[in-house]
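# Working through the structure, step by step
Listed below are the residues making up each chain.
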Amino acid sequence: MKSYHAHGKFLITAEYLILNGARGLAIPLTKMKQTLTVSEHAEKTFQWTALDHEAKVWLELELDMQFRAKRELNLQEKLLQRMLQHLFQLKPKLFSQGLKFETSMNFFPKWGMGSSSTLISLISQWAGVDGMILQLKFFGGSGYDVVCATAANPIIYSLAQGKHQVSHVSWSPEFREHLYFIYLGQKQNTRESLTAVKEKLTKISSDDMHLANLVTRDFLKCNSLPQFQLLMMEHERFISSLIGLPTIQEERFPEFPGAIKSLGAWGGDFIMAACEFDPSDFFHDEGYGLIFKWDDLVEPI
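In this report, we go over the structure that sits alongside the text. (Residues numbered from 1 in each chain as written. Predicted model: local features only at pLDDT ≥ 70, side-chain atom pairs only at ≥ 80, totals over all residues. Heavy atoms only, no water.)

On to the overall build of the protein, then. Summing up its helical and strand segments, the protein has 11 helices and 11 strands in all. In terms of overall dimensions, the protein is globule-like: its C-alpha atoms have a radius of gyration of 20 Å, near the 19 Å expected for 301 residues. Over its C-alpha atoms, taken along the principal directions, the protein stretches across nearly 60 × 45 × 35 Å. Across the 301 residues in the protein, those meeting the buried criterion constitute 53%. The long-range share in the protein, meaning contacts at least 24 apart out of those at least 6 apart in sequence, stands at 67%. By element, 49% of the accessible surface of the protein is carried by carbon and sulfur atoms, the whole surface being about 14,600 Å². (Helix = DSSP H or I, 4+ residues; strand = E, 2+ residues; numbered from the N terminus. Rg over C-alpha atoms; globule rule 2.2 N^0.38 Å. Buried < 20%, exposed > 50% of the residue type's maximum accessible area, 1.4 Å probe, protein only. Contact = heavy atoms within 4.5 Å. Areas by Shrake-Rupley, 256 points an atom, 1.4 Å probe, with all protein chains shown as cover.)

Right, let's talk about the pairing of strand β2 (residues 24-40) for a bit. Where burial is concerned, most of β2 is hidden: 13 out of the 17 residues are buried. The pairing of strand β1 (residues 2-11) with β2 spans 10 bridges and is antiparallel. Paired with H7 across the strands is K33, a residue of β2. Bridge analysis of β2 against strand β6 (residues 155-160) gives three bridges, and the strand direction is antiparallel. Across the sheet, the residue bridging to G24 is Y157, located in β6. As paired elements, β2 and strand β5 (residues 99-105) share seven bridges and run antiparallel to each other. Considered in β5, the bridge of Q34 is made with M105. (Pairing = 2+ DSSP bridges.)

Here we take up unusual backbone geometry. For A55, which is not a glycine, the phi torsion comes out positive at approximately 65°. With respect to the helices and strands, A55 occurs in the loop between β3 (45-51) and β4 (57-64). For F67, which is not glycine, the phi dihedral falls at a positive 65°. Locating F67 in the fold gives a position in the loop between β4 and α1 (75-90).

Spatially, the four strands line up as an open sheet ordered β9-β10-β8-β11, and their pairing is antiparallel. Among the strands making up the open sheet, the edge pair consists of β9 (259-262) and β11 (291-293). For this sheet the average axis-to-axis angle between neighbouring strands, irrespective of direction, equals 25°. Two elements, β9 and strand β10 (residues 270-274), share four bridges in a ladder whose sense is antiparallel. From the neighbouring strand, K261 faces β10, where its bridge partner is M272. (Axes fitted to C-alpha atoms, helices over the stretch in contact; angles between N-to-C directions.)

With that settled, the discussion passes to the environment of L122. Take L122: it is sitting in helix α2 (residues 115-127). Overall, L122 belongs to the buried group, its relative accessible area being 0%. Those residues in contact with L122, other than ones at most four positions away along the chain, are Y4, H5, A6, Q34, T35 and L36.

Counted under the stated rule, the structure contains six salt bridges. The partner of R71 in a salt bridge is E77, and the shortest N-O contact between them spans 3.0 Å. The class for E77 is buried, based on a relative accessible area of 6%. Where E72 meets K78, a salt bridge forms, and the shortest distance between an N and an O atom there is 3.6 Å. (Salt bridge = Lys/Arg side-chain N within 4 Å of Asp/Glu carboxyl O.)

Before going further, it helps to examine a negative patch on the surface. Together, E255, D278, D281, D285 and E286 line one region of the surface with negative charge. Among the secondary structure elements, E286 is positioned in the loop between α10 (280-285) and β11. Judged by relative accessible area, E286 falls into the partly exposed class, the value being 41%. (Patch = residues over 30% accessible without salt bridge, like charges linked within 9 Å, V, L, I, M, F, W, Y side chains within 5 Å. Lys, Arg positive; Asp, Glu negative; His and termini not counted. Charge placed at Lys NZ, Arg CZ, Asp CG, Glu CD.)

Tallied over the entire structure, the rule returns zero disulfides. Looking at the unpaired C275, the closest cysteine sulfur is the one in C222, lying at 15 Å. Judged by relative accessible area, which is 0%, C275 ranks as buried. (Disulfide = S-S within 2.5 Å.)

Turning next to the environment of K56. With respect to the element layout, K56 can be found in the loop between β3 and β4. Separated by 58 residues in the primary sequence, K56 and G114 have C-alpha atoms spaced 18 Å apart. Leave out the neighbours within four places in its chain, and K56 touches A50 and L51.

Turning to helix α8 (residues 225-243), a few remarks are in order. An ideal rise of 1.5 Å per residue puts 27 Å on 19 residues; α8 measures up with 27 Å between its terminal C-alpha atoms. If you check which residues of α8 are buried, you get L225, F228, Q229, L231, M232, H235, E236, F238, I239, S240, L242 and I243. Sitting at the head of α8, S224 places a side-chain oxygen 3.3 Å from the backbone nitrogen of Q227. Backbone geometry just downstream of α8 places G244 in the positive-phi region, at approximately 70°. (Expected span 1.5 Å × (residues − 1). Polar contact = N/O pair within 3.5 Å; in protein donor to acceptor, adjacent residues only side chain to side chain.)

See below:
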C-alpha cells in the first residue's frame, strides 16, 4: 500500500487576474490535508472510497476493468470515472490489476479549501503525471491551487504565455494572530465565477495588471496590521472596480470594525478579516460560525 498527501490553499491576492498574467500571493494550508492510499484489490475492479473530515463516506465508486459502473453515477462520480479512464490511456500498466483507492481529509469538501486540487495532486502523484495537465483538462483555472497542494511555503504564482511561474516566499506576517478566515457557506465554482466576469476581464489594461502586481508586492512587504488593513481595502476596491461587483464588506458587513477581503471567487467560500480583536462574536451574530485563525490552518514556517 502506498500513501500520498496534499494540502489546501487560499489565494490572498490577484483573484480573477492571475489568468491575465498577474502575480498572485497564495498560501498552502499545510494543516488542511487530503490523503490517498492505493492498494491491490483481489477482485478485478477499481474501488474508490472517499471519507470526509468526520470519517464518513461522501463518495463511493466501483468500476470494472473497463471502467464501467453497475449503476447510474452522479456528476462527481462521472468526473472521477473520466479521470481514471484518462490515466489509463496515459499509464495503462497502472491498471493491470484490481485496485483500492481511499481518500481521507481533515476538512469538509464543501469548504472550498481545495478538495478538487488536492485530489488532482494526489492522483498525479500516484500516477507519476503532470498535475497541471490534469487540472487544465478537468477543472480549468490557473492551476495555482495544484502547486499549493505540495508547496511547503507560500508562493507567488503567475502565468506567462500559458506557462506557470512559481516563486516560493517566506510570508508569515508578524500580525498573523490578527488574521481570521470565515466560511460564508456558499461554495463557489471557479469556472462559473470566471465565466460571469469574463467579458469584464477582457478589458483589463496593462496599467491594471501593473497595479495588481504592486499590491501583491506590498502585501509581501507589509509589517503592520493597520497598513495591511489598508492594503486589503485597496485590493477589494480595485477588484470591485474591474468586475463591477460590490465588495463583500460593503455588501454584508458594513459595520465591521476592521478590514475584510474575499479569497478567490467573490461571494462564497471564505473571507479574510483583519482586526485588533477576536471577531468570533461579531460573525456568530451575523450567522457565520466557522472561523479559523492563521495557526489553525498553517504550520509554522
